[in-house]
Amino acid sequence: MFDIGVNLTSSQFVRDRDEVVARARAAGVHGMLLTGTNRHESEEAQRLAERFEGCWSTAGVHPHDSSSWSPEVADAIYALVNKPEVVAVGECGLDFNRNFSTPAEQEIAFSAQLAMAAELGMPVFLHCRDAHERFLALLEPWLDHLPGAVLHCFTGTREEAQQCLDRA
Ligand SMILES: [Zn+2]
């Protein structure tokens, strides 16, 4: 079994992270993808992936954290995705539900990360909430250059899900 979205960097696991990983493995989870949601979390996820066997990580900036996107953050994410433990760019995407970052900030960070993934030929770990149309509009031009994608936090309709699947 492979868990593709493990928030192992969460402070909830500060005390018993090793035990959590050991219990997951004992329960049959032999692979885990640790999700990075901003620069710090992505660095932490990569360090954990390096430390735990059977763990890989993503590096990226979540829509909620998009206001933190800057040339320095872009450089840091770029450095991370070139490390062997880091196998996807993300989480990235759009979340117009709560707009912790403005829609404009989200679109800039999302597009930059799609460009990075396309340049490196890496899959993307996507988050989309209440932003279906803009999400597809920004994603569409890059699809031919992305080897794969996971879409989560999906809140759309059956038709919108099909529109996403049609682009797989
Ligand atoms: Zn998410």
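To be clear, the structure that these remarks concern was listed above.
Residues numbered from 1 in each chain as written. Predicted model: local features only at pLDDT ≥ 70, side-chain atom pairs only at ≥ 80, totals over all residues. Heavy atoms only, no water.

Structural notes on the nonpolar core
Of all hydrophobic cores here, the largest spans 29 residues; its most connected members are Trp69, Ile77, Val81, Phe110 and Phe135. Residue assignment for this core shows that the elements contributing at least two residues are helix H3 (71-81), strand S4 (86-95), helix H4 (103-120), strand S5 (124-129) and helix H5 (132-139). The element that contributes the greatest number of residues to this core is H4, accounting for six residues. For Phe135, the residues in contact, after removing those within four places along its chain, are Gly93, Leu94, Phe110, Leu126, His127, Cys128 and Leu151. Among the nonpolar cores identified, the runner-up in size contains 13 residues, and Val6, Ala24, Leu34 and Ala49 belong to it. (Core = buried A, V, L, I, M, F, W, Y, C linked by side-chain atoms within 4.5 Å. Buried < 20%, exposed > 50% of the residue type's maximum accessible area, 1.4 Å probe, protein only. Helix = DSSP H or I, 4+ residues; strand = E, 2+ residues; numbered from the N terminus. Contact = heavy atoms within 4.5 Å.)

Looking at the pattern of salt bridges
Within this structure, the stated rule accounts for five salt bridges. Across the pair Arg51 and Asp18 runs a salt bridge whose closest N-O atoms are separated by 2.7 Å. Of this pair, Arg51 sits in helix H2 (residues 39-51) while Asp18 sits in helix H1 (residues 17-26), and the two are 33 residues apart along the sequence. Overall, Asp18 belongs to the partly exposed group, its relative accessible area being 42%. The shortest N-O distance in the salt bridge between Arg167 and Glu140 comes to 2.9 Å. Of this pair, Arg167 sits in the segment after helix H6 (158-166) while Glu140 sits in the loop between H5 and strand S6 (149-152), and the two are 27 residues apart along the sequence. (Salt bridge = Lys/Arg side-chain N within 4 Å of Asp/Glu carboxyl O.)

Remember that the coordinates give geometry; whether it matters functionally is a separate question.
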